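Commentary on secondary and tertiary structure
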Amino acid sequence: MAVRLPRLHRFDLYAGLAGLLGGLLLWGVGLATRPAGEPIVLLDGRWWILLPLVVTAGCEAVRRTLPRTALLVGWVALTADTVTQGSLVTVVMFTDLVYAAVLYGPPATARRVPWIAGLITVAGTVVPVVVWRVPEALLIGVVIGLVGLMPALTGWIVRNHRDAAEAARLRAEQTALLAEMDRAQAVTSERARMARELHDMVANHLSAIAIHSTAALSLDTPKTSREALSVIRENSVEGLAEMRRLIGILRDSSGDTEPVAAPTLDGLGALVDGARTNGLDVRLDADHGTVPAPVELAAYRIVQESLTNALKHASPGEVTVALAQRNGSLTVTVTSPFGDRDGPRAPGSGAGLVGMRERVELLGGSFEAGPEGSADGKIWTVRVTLPLTEGDRE
């Protein structure tokens, strides 16, 4: 089984090579941290300096790949360096190993190394003073602090700044992602709203055109054709006007023009008259007071779509439209005969019922549509309840 070696960083290799060459240069000119013959120098001789130097340089090459291993081996090499004449480069490279262990090591290592270095610094300050009782003993603690504690604290500070920068970057990415999701949701909602408006405004006129054109083709008499063409022309003109109005709203991005007035419940009379012109027998019973604009628009569009569905699918008979305001809500009920019809029918896709349900859900109301039994036979009923106050909405 092949063993995969860790991938070394190029900068670490250069740092280890530079440290090794620098140490060899100082060794070549005879510079050491301690003169020969001192009591602490147990391994006397210039050649012993090279062993800790080479080991520490090797640790420097894996400072980022194996930070904990490099620190432990480097600590052993530094300990060996203290019993030789010593090399300043070995000490400098060990400080970098401490720094790298805190910066690149696991979180647990990054937390423990400063504490351990601090405890060793305190012990290296207190113990010599207590044992030798001379002020110069404090210098041992200073040296230990410079070699171990200061690099550890520096690595901890840099790591905290790096982690904070990474967290800020992630927050920025999340904010951008949420903004993009909000934008996409807004676009989807606006497209759905535009689709509902376009369907409700144009479907009624196109359905009348389809039904009367089919009647004109099936009943080839001058009177029928003239009446059908008259209705077709009227609905075509009205449908084109509605389309121009919607396209004008979509194209105008300057904001200089006044917004087009939305349909109101006061226009239900004209809407019912148009349905009668198209051949429906409609009875309107509107008992409503003042209602909020969103509720008013939704109620108007629901009545409009219900009449369109009745024109396309209802059997011959009376269609009733009833509006009543009670208990803080507006109730809209539209009934039409349900069953097979002998005359021409316009195709339907079911988008009308979906649009009505979406309008009602946006206002927190209830929507029901389906066949019901009555004394005169089956009828198709659309029943909607729209709350009139914000508190009733979800």
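Nothing here was measured: the structure is a model prediction, and the numbers come from that model.

Per the stated rule, a full pass over the model turns up two aromatic pairs. The ring of Trp-27 is capped by Arg-46, whose NZ or CZ atom sits 4.6 Å from the centre of that ring.

In this numbering, the UniProt entry assigns the feature "transmembrane region" (unreviewed entry) to residues 12–33, 45–62, 69–93, 113–131 and 138–158. The annotated region residues 45–62 carries 67% helix and 0% strand content, and the separation between its end C-alpha atoms amounts to 29 Å.

Of all nine residues making up strand S3 (residues 329–337), nine are buried, and the element is well covered by its neighbours. Here S3 shows two buried faces, one formed by Ser-329, Thr-331, Thr-333, Thr-335 and Pro-337 and the other by Leu-330, Val-332, Val-334 and Ser-336. Two strands pair when backbone bridges link them, and strand S2 (residues 318–326) and S3 are joined in this way by seven bridges, in the antiparallel orientation. The partner of Gln-325 across the bridge, within S3, is Leu-330. As consecutive antiparallel partners, S2 and S3 are separated by two residues, and within that stretch Asn-327 has a phi angle of approximately 55°, a positive value.

Where helix H4 (residues 88–104) meets helix H5 (residues 107–132), the axes come as close as 7 Å, and the angle between the chain directions of the two elements is 140°. By the angle class used here, H4 and H5 are oblique. Touching Val-98, Ala-101 and Val-102 of H4 are Thr-109, Ala-110, Val-113 and Pro-114, all from H5. For the contact of H4 with H5, the class distribution of residues is six nonpolar, one polar and no charged.

With 19 residues, helix H1 (residues 10–28) extends 27 Å from end C-alpha to end C-alpha; this agrees with the ideal 27 Å at 1.5 Å per step. Every buried residue of H1 is listed here: Asp-12, Gly-16, Gly-19, Gly-23 and Trp-27. Seen from one end, H1 has its buried residues packed into an arc of 65°, which puts them on one side. Exposed residues on H1 whose side chains face more than 90 degrees from its buried face are Arg-10, Phe-11, Tyr-14, Leu-21, Leu-25 and Gly-28.

Now for the environment of Glu-60. Mapped onto the elements, Glu-60 comes out in helix H2 (residues 50–61). By relative accessible area, which is 5% here, Glu-60 ends up buried. Sequence spacing of Glu-60 and Leu-13 is 47 residues, and the spatial spacing of their C-alpha atoms is 7.4 Å. The contact partners of Glu-60, leaving out residues within four places of it in the chain, are Asp-12, Ala-15, Gly-16, Met-93, Asp-96 and Leu-97.

Turning next to unusual backbone geometry. The backbone of Arg-133 shows a phi angle near 55°, a positive value even though the residue is not glycine. By relative accessible area, Arg-133 is classed as exposed at 69%. One non-glycine residue with positive phi stands out, namely Asn-327, at about 55°. Following the sequence through the fold, Asn-327 ends up in the loop between S2 and S3. Owing to a relative accessible area of 78%, Asn-327 belongs among the exposed residues under this scheme.

Definitions and limits used
Throughout, a residue's number is its position along its own chain's written sequence, starting from 1. It should be noted that, the model being predicted, local features are given only for residues of pLDDT at least 70 and side-chain atom pairs only at 80 or more, the latter also being counted only at that level, while totals for whole chains, interfaces and linings use all residues. Side-chain calculation: all heavy atoms of the structure are included, whereas hydrogens and water are not. Any Phe, Tyr or Trp ring, taking Trp's six-membered ring, that has another such ring centre within 6.5 Å forms a pair; planes under 30 degrees apart are called stacked, those over 60 apart edge-to-face, and the others tilted. Only when the NZ of Lys or the CZ of Arg is both within 6 Å of the ring centre and within 35 degrees of the ring normal is a charge said to sit over the ring. UniProt positions are given in the numbering used here, feature names are shortened, and annotations may be inferred rather than shown by experiment. Secondary structure elements are defined from DSSP: runs of H or I of at least 4 residues count as helices, runs of E of at least 2 residues count as strands, and each element is numbered from the N terminus. The buried label applies to any residue whose accessible area, calculated with a 1.4 Å probe on protein chains only, is under 20% of its type's maximum; exposed applies above 50%, and partly exposed to all values in between. Two strands pair if DSSP finds at least two bridges between them. Convention adopted: a line fitted to C-alpha atoms gives each axis, helices being fitted over their contacting stretch, and angles between N-to-C directions are expressed from 0 to 180 degrees. Oblique is the label for every angle not falling under 35 degrees (roughly parallel), over 145 degrees (roughly antiparallel), or within 65 to 115 degrees (roughly perpendicular). Whether two residues are in contact is decided by their heavy atoms, any of which lying within 4.5 Å being enough. Throughout, the ten residues Ala, Val, Leu, Ile, Met, Phe, Trp, Tyr, Cys and Pro are labelled nonpolar, Asp, Glu, Lys and Arg are labelled charged, and all others, Gly among them, are labelled polar. The span one expects for a helix is its residue count, reduced by one, times 1.5 Å. To be clear, the arc concerns the directions from the helix axis to the C-beta atoms.

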